[in-house]
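Report on the structure
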Amino acid sequence: MNNPRPCILQIAIDTPLNAVFDYRWQCEPADRPHAGQLALVPFAHREVVGLIVGVAEQTDVPVDKLKDALAVRAQLSPLSPQWLALAGFAADYYQRPLGEVALPGLPKNLRVGTTVALDRAIKKLAKLAAPHDPAPADMPVLNASQQQAADAIGGAQGFQPTLLYGVTGSGKTEVYLQACAQVLAREAEGQILILVPEINLTPQLEANIRARFPGVMLATLHSSLSEGERMLHWLAAHQGKARIVLGTRLAILASLPQLKLIVIDEEHDPSYKQQEGLRYSARDLAVWRAWQLQIPIVLGSATPSLESWHHAQSGRYRKLELRERAVRNAVLPQVKLIDMERDKPTDGLTAALVAAIGQRLERGEQSLLFLNRRGYAPVICCESCGWVSECTRCTSFMVLHRPEHRLRCHHCSLEMRIPRHCPTCGNVDLQPLGRGTQRVEEGLQALFPEARVLRIDADSTRKKGSAQEAFDTVHRGEVDILIGTQMVAKGHDFKKLTLVGIMNPDTALFSQDYRASERLFAQLMQVAGRAGRAGIPSEVLIQTRYPQHPLYGAVVHHDYDHFASALLEEREQAALPPYLFQALLRAEARELATALEFLAMARDCLEHPGITINDPIPMTMTRVHNVDRAQLLVESPSRPALQAFLKEWMRALRDLKSRVKWSLEVDPLDI
Ligand code: ADP
Ligand code: ZN
Ligand code: ZN
């Protein structure tokens, strides 16, 4: 303890500056820190926690500029070189500095000045004897195709991406669980990562996993954990104690030193894409992670993304199919189209749909009405002067929320009381236009006063735990009619549900977004898939003005294969993803012209052979919260060419002197 020598720590810090910073550190040669450890350092008049990415003898930083690191978190074992490589890849691919990717991927409690929370979590975990009896509790007998899939996934060696294409209710979960059982039995220390798209889907799966593997430690990672819980669960995964980690997209950056299998449930879901900050795709990173570790990965869906379908067609992914529902006698629901031109709706509901709901009530079965629009009405208006409730800060409308007596903008969260009279002409008769879930709820309760009606959307589930409570109520059978947005469409296994009514899907048919039809189709198939899962005959009624549309035809026939193949062909002919790779540069400014000017400069600042740069355009929703937004789309048929260009372009963009706030998104979903 008497021969301390200095060394240089190269530390990545969470800042937009694309750099690793050098710090001096004194220690015994035997105690030298390692890459992958965390250190507390002074940075821009603050103390921050950074990630050590290298340890060196020397630095180019002049001695008088060189600062000392304040502490090294020696009690935490280093993040593995594989984890550092994952963060490095994500940083590289999404064109962000390493620190901005790696550090936000760690629990907040690790990134603070004190180690109290860390020490507490370490102590707590040390006391928890890690259970390690991988033997599963009673496993249901799989049907032949499930068994085949479970064996293929559970027995896979090396990098083996599998698309598990199974209709809704085909028992994909059971396949995952039994594949997990095989991996846990084979790999003495092995860990498994399971990702789900929605936080609301974790409790059901968590309960299933706990019941199935009572002797295995499970960690969960999602946004509704408290910081203390997150620290504990993250650490359990990092120490290798948690053998199964279940989480939402953010869990893709968990530290899993013994990772042996990755499961991505509902892989098509857009929620796997982070829509702010580092706009990464957890699904894509998962595939990279599996490749890096040379381990199997399974992507499951009844409606795979066209990207994954394309890979399956080309043989890059192995495709396994489950064509039938797993529960005995359970068949896919009958899908019928209701022509709204013939059966004119009252309060948004056609006579056929109302009659079908009535039948379910008589039989004591559940109905689900799907409408992807929350609030009471998307806008209120004055019929005498034409005034409409526009948001003063955004290019959008203030949505009427009647139970809360408010108008709300869903984009900037501006709120106000409902005006008693028209602000321009004084007319007191302001009318709601269109309908959202609240209005449908009101109408149904009036039509069926005896029925137990429940609405599930972002508004009704704002309080922590209330979504879980609402879903439990449905599962217990205490609800007759459920109304919901896409929150209810995904993954849930409702046993008594025999009718799904889809209220107003037509708008997506004519969207400018070329992905709109892929998304609508997936959404309809998914929500339809909530019906008839327990073997009671069931139906899905779609209210539409375009019953001839081929998209609806495909839904009626549950025909994903043809629909997807046709879409892929269209995409190939139109040279669109997945046959083309894109990046989107966004700019924000007080004035639209400023944003457009910056983008024009960006377009012209670099030679770009082989890369198409489109013209700058305002975003569809141009103004949000008093900021104008514009975008520039960059495309190439070659991913490496695009990547190489982006790297150089980012450097050039940083040198452009501009006050505009800009950001780059790679593989954008919404353009
Ligand atoms: P998916 O995720 O494919 O939509 P789930 O995994 O939710 O389907 O399974 C649907 C239902 O089928 C669940 O209630 C599940 O318990 C049941 N199930 C799955 N496999 C079997 C099986 N082999 N035998 C009987 N029931 C099964
Ligand atoms: Zn008016
Ligand atoms: Zn607004």
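Here the residue index of a chain counts from 1 through its sequence in written order. The lettering of chains begins at A and the numbering of ligands begins at 1, in the order of writing. Given that this is a predicted model, residues contribute local features only at a pLDDT of at least 70 and side-chain atom pairs are listed and counted only at 80 or more, while totals for whole chains, interfaces and linings are drawn from all residues. In computing side-chain values, all of the structure's heavy atoms are included and hydrogens and water are not.

1. Looking at the site of ligand 1
Looking at ligand 1, there are 17 residues lining it, with V141, G169, K172, T173 and D493 nearest. For this analysis, a polar contact is any N or O atom pair within 3.5 Å, provided that within protein one partner can donate a hydrogen and the other can accept it, and provided that sequence-adjacent residues contribute only side-chain to side-chain pairs. The separation between an oxygen atom of ligand 1 and a polar main-chain atom of G169 is 2.7 Å. At 2.7 Å, a side-chain N or O of T173 approaches an oxygen atom of ligand 1. All accessible areas in this document rest on Shrake-Rupley with a 1.4 Å probe, and a residue is counted as covered only by the protein chains that are shown. Its free accessible area being 570 Å², ligand 1 has 78% of it covered by the protein chains. The way it works is a 1 Å grid over only the protein atoms, where trapped points that fit a 1.4 Å probe form a cavity and open points with protein on both sides within 12 Å along at least five of seven lines form a pocket, and then any residue with an atom within 4 Å of a point lines it. Any molecule with more than half of its atoms within 2 Å of a cavity's or pocket's grid points is counted as sitting in it. A molecule is said to occupy a pocket when more than half its atoms come within 2 Å of that pocket's grid points, and by this definition ligand 1 occupies the second largest pocket. By residue number, the principal contributor to the shell around ligand 1 is helix α5 (residues 172-186), which donates three residues. For the shell around ligand 1, the class distribution of residues is five nonpolar, seven polar and five charged. Residues are labelled near a given molecule or strand when at least one of their non-hydrogen atoms is within 4 Å of it. For helices the rule is a DSSP run of H or I covering at least 4 residues; for strands it is a run of E covering at least 2, with both sets numbered from the N terminus onward. When residues are grouped by polarity, Ala, Val, Leu, Ile, Met, Phe, Trp, Tyr, Cys and Pro land in nonpolar, Asp, Glu, Lys and Arg in charged, and all others, Gly among them, in polar.

2. As for the coordination of the zinc ion (ligand 2)
Taken together, C382 (SG), C385 (SG), C422 (SG) and C425 (SG) make up the full set of protein donors to the zinc ion (ligand 2), lying 2.2 to 2.4 Å away. Coordinating N, O and S atoms are those within 2.8 Å of the metal (3.2 Å for Na, K and Ca), and as water is not part of the atoms, a site may appear to have fewer donors than expected. Here a site with four donors is tetrahedral if all angles are between 85 and 135 degrees, and a site with four or six donors is square planar or octahedral if opposite donors are over 155 degrees apart and the other angles are between 65 and 115; anything else gets the irregular label. For the zinc ion (ligand 2), the four donor atoms in the first shell make angles of 103 to 114° at the metal, so the coordination geometry reads as tetrahedral. Written as a sequence motif, the donor arrangement for the zinc ion (ligand 2) is C-x2-C-x36-C-x2-C. Taken as a pair, C382 in strand β16 (residues 379-382) and C422 in the loop between β19 (415-417) and β20 (430-433) lie far apart in primary sequence, 40 residues in all.

3. Some points on the coordination of the zinc ion (ligand 3)
Taken together, C391 (SG), C394 (SG), C409 (SG) and C412 (SG) make up the full set of protein donors to the zinc ion (ligand 3), lying 2.3 Å away. Seen from the zinc ion (ligand 3), its four donor atoms lie at angles of 104 to 112°, and the figure they make is tetrahedral. All donors of the zinc ion (ligand 3) come from a single chain, and their spacing in sequence reads C-x2-C-x14-C-x2-C.

4. Overview of the pairing of strand β28 (residues 627-636)
Burial classes follow relative accessibility: with a 1.4 Å probe on protein chains only, a residue under 20% of its type's maximum area counts as buried, one over 50% as exposed, and anything between as partly exposed. Where burial is concerned, most of β28 is hidden: nine out of the 10 residues are buried. Think of it this way: DSSP has to see at least two bridges between two strands before they count as a pair. Pairing geometry for strand β25 (residues 581-589) and β28, over nine bridges, is antiparallel. In the sheet register, R586 faces β28, and the bridge partner there is Q631. Direction of pairing for strand β26 (residues 612-613) relative to β28: antiparallel, over a ladder of two bridges. Counterpart to I613 in the pairing with β28 is V634. Bridge count for strand β27 (residues 617-624) against β28 is four bridges, and the pairing is antiparallel. Across the sheet, residue R623 finds its bridge partner in β28, namely D628.

5. Brief notes about the UniProt feature "domain: Helicase ATP-binding" (unreviewed entry) in the chain
UniProt positions are given in the numbering used here, feature names are shortened, and annotations may be inferred rather than shown by experiment. Per the UniProt annotation, the sites labelled "domain: Helicase ATP-binding" (unreviewed entry) are residues 153-322. Summarising residues 153-322: 35% helix, 22% strand, and an end-to-end C-alpha distance of 14 Å.

6. Notes on the UniProt feature "binding site: Zn(2+) 1" (unreviewed entry) in the chain
Those residues carrying the UniProt feature "binding site: Zn(2+) 1" (unreviewed entry) are C382, C385, C422 and C425 in this numbering. Spatially, the listed residues are clustered: although they cover 44 residues, their C-alpha atoms lie within 8.6 Å of one another. Other than its neighbours up to four places away in sequence, C382 contacts W387, C422, C425, N427 and L430. Residue classification places C422 among the buried positions, given a relative accessible area of 2%. Once residues lying within four places of it in the same chain are set aside, the contact partners of C422 are C382, C385, W387, N427 and L430. Note on contacts: a residue pair qualifies if any of its non-hydrogen atoms lie within 4.5 Å across the two residues.

7. A word on helix α16 (residues 560-573)
Between the first and last C-alpha of α16 there are 20 Å, a value that for 14 residues agrees with the 20 Å anticipated at 1.5 Å per step. Looking at the packing, one finds that the buried side of α16 touches β7 (160-166), α9 (306-313), α14 (516-528) and α15 (550-556). At the C-terminal side of α16, A575 shows a positive phi close to 50°. Helix span, as expected, comes to 1.5 Å for every residue beyond the first.

8. Describing the layout of surface pockets
Grid points are joined across faces, edges and corners, and a volume is the space filled by probe spheres set on the points. By volume, the second largest pocket is sized at about 720 Å³. Looking at the second largest pocket, it is lined by 30 residues, and the ones nearest its centre are G171, T173, E174, D493 and R533. At the level of elements, α5 and α6 (202-212) are the ones that each hand at least two residues to the lining of the second largest pocket. Here the lining of the second largest pocket is composed, by residue class, of 11 nonpolar, 10 polar and nine charged. Here the lining of the second largest pocket spans two domains, and each of domain 2 (144-322) and domain 3 (334-374 + 436-569) adds at least three residues to it. Domain start and stop positions are those given by an automatic or database domain assignment.

9. Overview of the environment of L497
Looking at where L497 falls in the secondary structure, it is placed in strand β23 (residues 497-502). Residues L497 and A35 lie 462 residues apart in sequence; the distance between their C-alpha atoms is 53 Å. Each residue touching L497, except ones within four places of it in the same chain, is listed here: Q366, S367, L368, R530, A531 and G532.

10. A short note on the nonpolar core
Working definition of a nonpolar core: buried Ala, Val, Leu, Ile, Met, Phe, Trp, Tyr and Cys residues. They are joined through side-chain atoms within 4.5 Å. Core analysis: the largest hydrophobic core is formed by 123 residues, its most contacted members being L193, W234, I252, I262, L551, L585 and W649. Not counting chain neighbours up to four residues away, the residues in contact with I252 comprise L86, L193, L195, Y280, A282, L285, A286 and R289. I192, V216, L218 and L246 belong to the second largest nonpolar core, which has 30 residues in total.

11. Focus: the packing of aromatic side chains
Ring pairs are drawn from Phe, Tyr and Trp, using the six-membered ring of Trp, whenever the two centres fall within 6.5 Å, and their geometry is named by plane angle: stacked under 30 degrees, edge-to-face over 60, tilted for the rest. Evaluated as defined, the whole model comprises 14 aromatic pairs. Consider the rings of Y93 and Y94, whose centres lie 5.0 Å apart with planes at 90°: the pair is edge-to-face. Residue Y93 shares its accessibility class with Y94, and that shared class is buried. Residues F510 and Y546 carry aromatic rings whose centres are separated by 5.0 Å and whose planes lie at 70° to one another, so their mutual orientation is edge-to-face. One end of the pair, F510, is in the loop between β23 and α14; the other, Y546, is in the loop between β24 (539-544) and α15, with 36 residues separating them in the sequence. The structure contains a cluster of three or more aromatic residues connected by ring pairs, namely F89, Y93, Y94, W288 and W291. By definition, being over a ring means that NZ of Lys or CZ of Arg is both within 6 Å of the ring centre and within 35 degrees of the ring normal. Here the basic side chain of R402 rests over the ring of Y376, its NZ or CZ set 4.5 Å away from the ring centre.

12. Observations regarding the sheet that holds strand β15 (residues 366-370)
If you walk across this open sheet you meet the six strands as β14-β24-β23-β15-β22-β21, and the pairing is parallel. Among the strands making up the open sheet, the edge pair consists of β14 (334-339) and β21 (453-456). Taking the axes of each pair of neighbouring strands and ignoring which way they run, one obtains an average angle of 20° across the sheet. In this structure, β15 lies alongside β23, joined through five bridges in parallel fashion. Within β23, the position partnered with S367 by the bridge is L499. Running at roughly 160° to strand β22 (residues 481-484), helix α11 (residues 437-447) makes contact with β15, β21 and β22 of the sheet. To obtain each axis, a line is fitted to C-alpha atoms, and for helices this fit is confined to the stretch in contact; angles are then taken between N-to-C directions over 0 to 180 degrees.

13. Comments concerning the pattern of salt bridges
Take a side-chain nitrogen of Lys or Arg and a carboxyl oxygen of Asp or Glu: if they are within 4 Å of each other, that pair is a salt bridge. Scanning the model with the defined rule gives 42 salt bridges in all. Between E321 and R323 there is a salt bridge, with its nearest N and O atoms 2.6 Å apart. Close ionic contact of E341 with R545 constitutes a salt bridge, the shortest N to O distance being 3.2 Å. Linking E341 in the loop between β14 and α10 (351-363) with R545 in the loop between β24 and α15, this pair joins segments that are 204 residues apart in sequence.

14. Section: α14
Taking 1.5 Å of rise per residue, 13 residues should cover 18 Å, and α14 covers 18 Å from first to last C-alpha, within 8% of that figure. The buried count for α14 comes to 10 of 13 residues, which makes it a mostly enclosed element. Among all positions in α14, only A516, E518, L520, F521, A522, L524, M525, Q526, V527 and A528 are buried.

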